[in-house]
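Architecture at a glance
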Amino acid sequence: MPIDLDVKSNSTIPQSIPRKRRGIGALVMDADYRGLAVVRSLGRHGIPVWVLEHGDQLLATLSRYNRRTLRWPSQDEDEKVNFLVNLADRESIRDWVLFPTGDEGAALVARHHKTLGEYFQLTTPPWDVLRWSYDKRLAYRLADKVGVGYPRTIYPANRDEVAASEFVYPVILKPAYRSRFNRFTASKAWRVDTREQLLARYDEAKTLVDPGTLMIQEFIPGRGESQFSYTALCQDGQPIASLSARRTRQIPMDFGRASTFVETVDDPATSVTAGRLLGALRYTGIVEIEFKRDARDGELKLLDINPRVWGWHSLCRSAGVDYPYLLWLHTIGEPVPATKAAVGVRWVRMSTDAPTAIREVLHGRLSLREYLRSIRPPLAPAIYASDDPWPGVLEIPLLAYLVGKRRVSGGRIA
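Now for a description of the structure that goes with this document. What you are looking at is a predicted structure, and each value in this text was computed from that prediction instead of being measured. Every residue gets a number counted from 1 within its own chain, in the order that chain's sequence is written. Reporting in this predicted model follows two pLDDT cut-offs: at least 70 for local features of residues, and 80 or more for side-chain atom pairs to be given and counted; totals over whole chains, interfaces and linings ignore these cut-offs and use all residues. Working from all heavy atoms in the structure, the side-chain values ignore hydrogens and water.

1. A short note on the nonpolar core
Leu42, Phe99, Leu243, Trp312, Tyr323, Trp328 and Trp347 are the most contacted members of the largest nonpolar core, which has 43 residues in total. Elements supplying a minimum of two residues to this core: strand E1 (26–28), helix H1 (33–43), strand E2 (49–53), strand E4 (97–99), strand E11 (238–251), helix H11 (314–318) and helix H12 (323–331). The leading source of residues in this core is H12, at six residues. Core analysis: the second largest hydrophobic core is formed by 26 residues, Val129, Phe228, Ile289 and Leu302 among them. We define the nonpolar core as a collection of buried residues of types Ala, Val, Leu, Ile, Met, Phe, Trp, Tyr and Cys that are connected through side-chain atoms lying within 4.5 Å of one another. To sort residues, take the accessible area from a 1.4 Å probe on protein chains only and compare it with the maximum for the residue type: under 20% means buried, over 50% means exposed, and anything in between is partly exposed. Runs of H or I in DSSP of at least four residues are treated as helices and runs of E of at least two as strands, each being numbered from the N terminus.

2. Structural notes on the sheet that holds E2
Here, a strand pair is defined by DSSP locating no fewer than two bridges between the strands. Pairing is parallel across the open sheet formed by five strands, whose spatial order is E3-E2-E1-E4-E5. A single partner strand is all that each edge strand has here, and the edge strands are strand E3 (66–71) and strand E5 (121–122). Sheet topology note: the E1/E2 ladder contains three bridges and is parallel. Among the inter-strand pairings, Leu27 is bridged to a residue of E2, identified as Trp50. We call two residues contacting when some pair of their heavy atoms lies within 4.5 Å. All axes here are fitted lines through C-alpha atoms, helices being fitted over the stretch that makes contact, and every angle between N-to-C directions spans 0 to 180 degrees. Taken strand by strand, H12 contacts E4 and E5, and its axis lies near 140° from that of E4.

3. Examining the sheet that holds strand E8 (residues 190–192)
In spatial order, the strands read E6-E9-E7-E8; together these four strands make up an open sheet with antiparallel pairing. A strand with exactly one partner marks an edge of an open sheet, and here the two such strands are strand E6 (153–154) and E8. Bridge count between E6 and strand E9 (residues 214–218): two bridges; the pairing is antiparallel. Its bridge partner lying in E9, Ile154 is registered against Ile216. Taken strand by strand, helix H6 (residues 136–146) contacts E6, strand E7 (171–175) and E9, and its axis lies near 45° from that of E9. Its contacts with the sheet put helix H9 (residues 195–205) on E7, E8 and E9, and the angle it makes with E8 is roughly 155°.

4. Quick notes on the packing of aromatic side chains
Stacked, tilted and edge-to-face pairs are distinguished by plane angle, under 30 degrees for stacked and over 60 for edge-to-face with tilted covering the rest, among Phe, Tyr and Trp rings (Trp via its six-membered ring) whose centres lie within 6.5 Å. Under the counting rule described, the total for this entry stands at nine aromatic pairs. With a centroid separation of 5.0 Å and 65° between ring planes, the pair formed by Trp50 and Trp96 is classed as edge-to-face. Placement of Trp50 in strand E2 and of Trp96 in the loop between helix H2 (77–90) and E4 is noted, with a sequence separation of 46 residues between them. In this structure, Trp50 and Trp96 share a single accessibility class: buried. Judged by centre distance (5.2 Å) and plane angle (5°), the ring pair of Tyr140 and Tyr150 falls under stacked. On the criterion of sequence distance, the pair formed by Tyr140 in helix H6 and Tyr150 in the loop between H6 and E6 is long-range, its members being ten residues apart. We classify Tyr150 as partly exposed; its relative accessible area is 27%. The rings of Trp127, Tyr134 and Tyr177 are connected pair by pair, giving a single aromatic cluster.

5. Describing the pairing of strand E14 (residues 300–306)
Counted residue by residue, E14 has seven buried out of seven residues, so it is predominantly covered. Here strand E13 (residues 285–293) pairs with E14 via six bridges, running antiparallel. Note on E14: the bridge partner recorded for Arg293 is Leu300. The turn joining E13 and E14, which pair antiparallel and follow one another in sequence, is formed by six residues; a positive phi near 75° is taken by Gly298.

6. Observations concerning the pattern of salt bridges
Side chains that differ in charge, positive against negative, can pair when their charged atoms come close. Salt bridges are defined by distance alone: a side-chain nitrogen of Lys or Arg within 4 Å of a carboxyl oxygen of Asp or Glu. Scanning all chains against the criterion turns up 30 salt bridges. With a shortest N-O distance of 3.3 Å, Asp304 and Lys136 are connected by a salt bridge. You can see Asp304 sitting in strand E14 and its partner Lys136 sitting in helix H6, a full 168 residues away along the chain. Accessibility expressed as a relative area gives 11% for Asp304, which makes it buried. According to the relative accessible area criterion, Lys136 is buried, its value standing at 17%. Lys301 is paired through a salt bridge with Asp294; the nearest N and O atoms lie 2.9 Å apart. For the residue pair Lys301 and Asp294, the accessibility class agrees, reading buried in each case. A network of salt bridges, in which partner residues are shared, links Glu218, Asp294, Arg296, Asp297 and Lys301.

7. What about empty space enclosed by the protein?
Within this scheme a cavity is a closed region of a 1 Å grid, computed over the protein atoms alone, that accommodates a 1.4 Å probe without allowing it to escape, whereas a pocket is open but has protein on both sides within 12 Å along at least five of seven lines; lining residues each have an atom within 4 Å of a point. Grid points are joined across faces, edges and corners, and a volume is the space filled by probe spheres set on the points. As enumerated under the stated definition, the model contains one cavity of 30 Å³ or more in all. The computed volume of the largest cavity comes to approximately 60 Å³. Around the largest cavity, the lining residues are Phe99, Pro100, Thr123, Thr124, Ile286, Pro307, Arg308, Val309 and Leu327. Along the lines of polarity and charge, the residues of the lining of the largest cavity split into six nonpolar, two polar and one charged. When residues are grouped by polarity, Ala, Val, Leu, Ile, Met, Phe, Trp, Tyr, Cys and Pro land in nonpolar, Asp, Glu, Lys and Arg in charged, and all others, Gly among them, in polar.

8. Considering a nonpolar patch on the surface
Here a patch means residues that are over 30% exposed by relative accessible area and free of salt bridges, tied together within 9 Å if like-charged and within 5 Å if nonpolar (Val, Leu, Ile, Met, Phe, Trp, Tyr). Methods summary: accessible areas were calculated by the Shrake-Rupley approach with a probe of 1.4 Å, and residue burial reflects only the protein chains presented. A grouping of Val361, Leu368 and Leu372 is seen on the molecular surface, where their side chains present a nonpolar patch of about 250 Å² in accessible area. Turning to its location among the elements, Leu368 is positioned in helix H14 (residues 368–374). Classification of Leu368 as exposed rests on a relative accessible area of 52%.

9. A few points about the packing of H6 against helix H10 (residues 268–281)
At their nearest, the axes of H6 and H10 sit 10 Å apart, and the two run at 105° to each other. On the basis of the axis angle, H6 is roughly perpendicular to H10. Every residue of H10 that contacts H6 at Leu142, Ala143 and Val146 is listed here: Arg276, Leu277, Ala280 and Leu281. Looking at the contact of H6 with H10 residue by residue, the classes come out as six nonpolar, no polar and one charged. The cut-offs work like this: below 35 degrees is roughly parallel, past 145 is roughly antiparallel, 65 to 115 is roughly perpendicular, and the gaps in between are oblique.

Right, dumping it as structure tokens:
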């Protein structure tokens, strides 16, 4: 299907008339650790928060700031929309703020923006804007249009085009978007080291996702020290609050599914480069834009645009930019206070960072002294909080349960 390169001129999320804050709560659309940070951010300000959970993601439901847990009825998109609409009326939570935490949730809200906007206050842009970040093919076309670099990428129509592709290995095989959860989409991407492996992986991947969404991408050299993110709360493409960070460690280290150790930095080039994309979209809402600095030419290359909360967004509160609360204020029409992000603030998810660091130490890429220095206090933990301890206490048992469940099911994710 041809892709329209015309970017819509306005992505403004309809704003409500300013009203008293009391009674306007938030509905968080997932119970993972990203959702947990949203629950804590809003709950600490006295905002009532409910959590929707499905599957085995439970961390946010364990928070003392979660006032009520509900369960999604199914994976069907239309049923989810009907569930939200009926919930708003049945529970008298019309005008609450809706917070998706993942790509699928953000896409659902964006595609049904008009319907859901009649019942909730939305933090998500409509589909004509969000699709430019949801679909990586569109994101890279947007980057090309505004002069932002990105990895060399091809979109093979069939196996013959894969076989004929000319790349220096390793390369990355990944889907343009995640339409469903399985072992491929859960990994975000597969590293491939030979042409034979690429063909075998392609054959496997096309059984898990639409073959038309598969992408082959060059592997940009460099590890966590080359990974940067620009984050912002924007109105019409102009940042109201912003913060830049280096994703120093991730799992896996080559191209992470998730960050494990992040630190805030002052990197003007990241904000300037991201600003071209956000300005072209006239983007409204919160966003994380991921880049990798290519050591071969020094250029920042676009990897992803995430139009919702990201895994390490709880770091931002410690650095002075409490994104969920600022977004809640902005969405209900209240003034957003001025913020200034602190540099050098560090964040860790110990349950995934410790194994990552151990592998790096064993392979001689990280010294034990460097690792211990990186996790010295003060350090913002991803899960544990002294005012809300249960999610942190139960994270490891929950992870052990999920690993055991996966082994019993033969390693199946979907």
